[in-house]
Amino acid sequence: MDDIIKEIREELTQQIDGKTKATSQNFFKEKIRFYGVRIPIVNKISKDYFKLIEYRQKSEIFSFCEILWQSGFLEESFIACNWSYYLHEKYEPGDFKLFEKWIKAYVNNWASCDTLCNHTLGTFIERYPEYLPQLKNMAKSADRLMRRAASVSLIIPARKGKFLKEIFEIADILLLDKDDLVRKGYGWMLKAASESHQQEVFAYVMSKKSVMPRTSLRYAIEKMPKELREQAMEK
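Residues numbered from 1 in each chain as written. Predicted model: local features only at pLDDT ≥ 70, side-chain atom pairs only at ≥ 80, totals over all residues. Heavy atoms only, no water.

Q: Honestly, the overall build of the chain in this entry has me stumped. Any pointers?
A: A count of helices and strands for the chain gives 15 helices and zero strands. By the compact-globule yardstick of 18 Å for 235 residues, the chain fits well, its C-alpha radius of gyration being 19 Å. Projecting the C-alpha coordinates of the chain onto the three principal axes gives extents of approximately 60 × 40 × 30 Å. For the chain, the proportion of its 235 residues judged to be buried stands at 52%. When contacts within the chain are restricted to residue pairs at least 6 apart in sequence, those whose partners lie at least 24 apart make up 70%. Here the chain displays about 11,400 Å² of accessible surface, and carbon together with sulfur accounts for 50% of that area. (Helix = DSSP H or I, 4+ residues; strand = E, 2+ residues; numbered from the N terminus. Rg over C-alpha atoms; globule rule 2.2 N^0.38 Å. Buried < 20%, exposed > 50% of the residue type's maximum accessible area, 1.4 Å probe, protein only. Contact = heavy atoms within 4.5 Å. Areas by Shrake-Rupley, 256 points an atom, 1.4 Å probe, with all protein chains shown as cover.)

Right, dumping it as structure tokens:
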């Protein structure tokens, strides 16, 4: 295990890109640890090294992910997210607690949150929709990234037209949230839902627009026709 992690870290160090290293912090308000490796390269490293461990038990691979998460480096978190998603056909109900733990213990920025939740957690929820109530619990968390996770976990299912009832319920919980990352997160979720349920999402936005933060509203209506956007933005 140590050898694989060591090799990955050596590869990341060799792949540092000057421009990426100089600009990566600009995308975050909080202080982030990063190597400065371009995302396509990180994804290639993920795939290449996964081939060396894919024969192992799921629990072993999740242990690799844990070590990568613990480093605190952005690129290592992306590799952990990719690896956990590569195992999606092997997900079991008990895996939810581990994914939730990773959010609580290690996720400290929007990029790691979205990468884990869009794919790993979102796919888990599609496979085990009985865990949707757990997302509602997350939406009530004191941790802003946990609250963002509750909404961005439903982005891909929302694009497929799934879970509209629960999407509106989570949006209700987060509606007046003070945090900009959370506002953008649930606005994004509504925008994704509008791809399959435009009229329902428009009706929801219109019913809430007197109190919905403008940031969330703009995100939610972004893919709607111009006339609907203009109607929603009227004061």
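Q: It is not clear to me how the environment of lysine 209 should be interpreted in this structure. Could you clarify?
A: Turning to its location among the elements, lysine 209 is positioned in the loop between helix 13 (198–208) and helix 14 (214–221). According to the relative accessible area criterion, lysine 209 is partly exposed, its value standing at 21%. Filtering out sequence-adjacent residues up to four positions away, lysine 209 remains in contact with Leu217, Gln231, Ala232 and Glu234. Among the polar contacts listed, one links the side chain of lysine 209 to the backbone oxygen of glutamate 234, at a separation of 2.6 Å. (Polar contact = N/O pair within 3.5 Å; in protein donor to acceptor, adjacent residues only side chain to side chain.)

Q: I tried to follow the side chain of glutamate 75 on my own but got confused; where do I start?
A: Assignment of secondary structure puts glutamate 75 in helix 5 (residues 74–86). Within the buried core, glutamate 75 has no salt-bridge partner, and the shortest N-O distance to an opposite charge, that of lysine 21, equals 7.9 Å. For glutamate 75, the side chain forms a polar contact with the main-chain nitrogen of glycine 36, separated by 2.7 Å. Ignoring anything within four residues of it in the chain, the contact list for glutamate 75 reads Leu12, Phe34, Tyr35, Gly36, Val37 and Val42. (Lys, Arg positive; Asp, Glu negative; His and termini not counted. Salt bridge = Lys/Arg side-chain N within 4 Å of Asp/Glu carboxyl O.)

Q: Would you mind going over the packing of aromatic side chains with me for this structure?
A: For any pair of aromatic rings, geometry is given as the distance between the ring centres together with the angle between the planes. In the structure shown here, the tally under the stated rule is 18 aromatic pairs. With 6.3 Å between their ring centres and 50° between their planes, phenylalanine 50 and tryptophan 83 make a pair best called tilted. Taken together, the positions of phenylalanine 50 in helix 3 (residues 39–53) and tryptophan 83 in helix 5 put the pair 33 residues apart, joining distant regions of the chain. Using a relative accessible area of 9% as the deciding quantity, one classes phenylalanine 50 as buried. Ring centres 6.2 Å apart and planes at 40° place the aromatic pair tryptophan 69 and tryptophan 102 in the tilted group. With a gap of 33 residues between them, tryptophan 69 in helix 4 (residues 58–70) and tryptophan 102 in helix 6 (residues 95–106) connect regions that are remote in the sequence. When sorted by exposure, tryptophan 69 lands in the same class as tryptophan 102, which is buried. Clustering of aromatic rings is evident, with ring pairs tying together Phe62, Trp69, Tyr91, Phe96, Phe99, Trp102, Tyr106, Phe124, Tyr128 and Tyr131. (Phe/Tyr/Trp six-rings, centres within 6.5 Å; stacked < 30°, edge-to-face > 60°.)

Q: So what exactly am I meant to see when it comes to helix 8 (residues 132–139) here?
A: Three or four residues apart is the spacing at which side chains of an α-helix point the same way, because the helix has 3.6 residues per turn. Residues of helix 8 that are buried: Leu132, Leu135, Met138 and Ala139. The buried residues of helix 8 occupy an angular sector of 105° when projected down its axis, which confines them to one face. If you follow the buried residues of helix 8, they end up packed against helix 6, helix 7 (110–127), helix 9 (144–152) and helix 11 (164–174). (Arc of directions from axis to C-beta.)

Q: Help me understand the pattern of salt bridges, please; the structure alone is not making it clear to me.
A: Oppositely charged side chains can form a pair if their charged atoms are brought close together. On inspection of all chains with the given rule, the structure shows 20 salt bridges. As a salt-bridge pair, glutamate 169 and lysine 165 come within 2.8 Å of each other at their nearest N and O atoms. Taken as a pair, glutamate 169 and lysine 165 lie in helix 11 at a separation of four residues, close to a single helical turn. We classify lysine 165 as exposed; its relative accessible area is 53%.

Q: Just to check I follow, could you spell out the state of the cysteines for this structure?
A: Linking two cysteines covalently via their sulfur atoms produces the bond known as a disulfide. If you walk through the whole model with that rule in mind, you get zero disulfides. No disulfide involves cysteine 65; its nearest neighbouring cysteine sulfur is the one of cysteine 81, lying 8.3 Å away. We classify cysteine 65 as buried; its relative accessible area is 0%. Here cysteine 117 is not cross-linked by a disulfide; its sulfur's nearest cysteine counterpart is in cysteine 113, at 4.2 Å. A relative accessible area of 0% places cysteine 117 in the buried class. (Disulfide = S-S within 2.5 Å.)

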